[in-house]
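Descriptive analysis of the structure
Residue-level listing of the chains:
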Amino acid sequence: MFRHVLLMTVRPDATTVEVAGLVAALRALPGKIPEIASYHVGQDLGLRDGNATLALVAAFVDEAAWRAYLAHPAHRAVVTDHVEPVVADRQSAQFTDD
């Protein structure tokens with residue numbers, strides 16, 4: 001299985017409505033992109049200072065499926081409409097379960 005992990009930190013001036021909209025938009029993607037095998041999105045619980053605001057953990061059958069997800073119009077729309085206006089910093093990693 002090919003895994004994609006994404007951590008996002010929102011801008012300090014991001015509103016709770018904007019963050020909720022980002023989470024909702026991300027959570028809607030599995031219903032729109034068939035290449036997603038599993039998809040988990042959540043807001044940080046605030047248990048440690050310095051944590052990212054949001055985390056996403058997704059699984060795909062292979063790298064090609066992940067790349068199809070990245071290029072999918074629904075994913076691109078979420079990035080344009082929700083991620084770019086709100087997110088100040090992001091980090092990601094991809095790995096396989098070998």
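Before reading on, note that the structure itself is shown above.
I will try to describe carefully the structure that is included in this document. (Residues numbered from 1 in each chain as written. Predicted model: local features only at pLDDT ≥ 70, side-chain atom pairs only at ≥ 80, totals over all residues. Heavy atoms only, no water.)

**Things to note about the overall build of the protein chain**
A count of helical and extended segments in the protein chain gives three helices and four strands. Considered along the principal axes of its C-alpha atoms, the protein chain spans approximately 35 × 30 × 20 Å. For the protein chain, the proportion of its 98 residues judged to be buried stands at 34%. Once local pairs closer than 6 in sequence are excluded, the contacts in the protein chain between residues at least 24 apart make up 72%. A total of about 5,900 Å² of accessible surface is found on the protein chain, and carbon and sulfur atoms cover 55% of it. Of note, the protein chain has its 8 positive side-chain charges centred 2 Å away from the centre of its 12 negative side-chain charges. (Helix = DSSP H or I, 4+ residues; strand = E, 2+ residues; numbered from the N terminus. Buried < 20%, exposed > 50% of the residue type's maximum accessible area, 1.4 Å probe, protein only. Contact = heavy atoms within 4.5 Å. Areas by Shrake-Rupley, 256 points an atom, 1.4 Å probe, with all protein chains shown as cover. Lys, Arg positive; Asp, Glu negative; His and termini not counted. Charge placed at Lys NZ, Arg CZ, Asp CG, Glu CD.)

**Section: the layout of surface pockets**
Rolled over the atoms, a probe sized like a water molecule indicates the empty space that remains. Volume-wise, the largest pocket comes out at about 210 Å³. Around the largest pocket, the lining is made up of 15 residues, and of these Leu6, Leu70, His75, Val79 and Arg90 lie nearest the centre. Broken down by secondary-structure element, the contributors of at least two residues to the lining of the largest pocket are strand S1 (2-10), helix H2 (63-71), helix H3 (73-86) and strand S4 (87-96). Per element, the largest residue contribution to the lining of the largest pocket is five residues, and it comes from H3. Of the residues assigned to the lining of the largest pocket, the class counts are nine nonpolar, four polar and two charged. (1 Å grid on protein atoms, 1.4 Å probe; cavity = no way out; pocket = protein on both sides within 12 Å on 5 of 7 lines; lining within 4 Å. Points joined across faces, edges and corners; volume = space filled by probe spheres on them. Nonpolar A, V, L, I, M, F, W, Y, C, P; charged D, E, K, R; others polar.)

**Considerations on the side chain of Thr53**
Counting through the fold element by element, Thr53 comes out in the loop between strand S2 (38-43) and strand S3 (54-60). In this structure the side chain of Thr53 is engaged in a polar contact, spanning 3.1 Å, whose partner is the backbone nitrogen of Val10. In this view, Thr53 contacts Met8, Thr9, Val10, Gly42, Gln43 and Asp44; residues no more than four positions away in its chain are not counted. (Polar contact = N/O pair within 3.5 Å; in protein donor to acceptor, adjacent residues only side chain to side chain.)

**So, the nonpolar core**
Within the largest apolar cluster, 27 residues are counted, with the highest numbers of intra-cluster contacts made by Leu26, Leu29, Tyr39, Leu56, Phe60 and Tyr69. The greatest single-element share of this core, amounting to five residues, is contributed by helix H1 (residues 16-28). Setting aside chain neighbours within four positions, we find Leu26 in contact with Met8, Tyr39, Val41, Leu56 and Val78. (Core = buried A, V, L, I, M, F, W, Y, C linked by side-chain atoms within 4.5 Å.)

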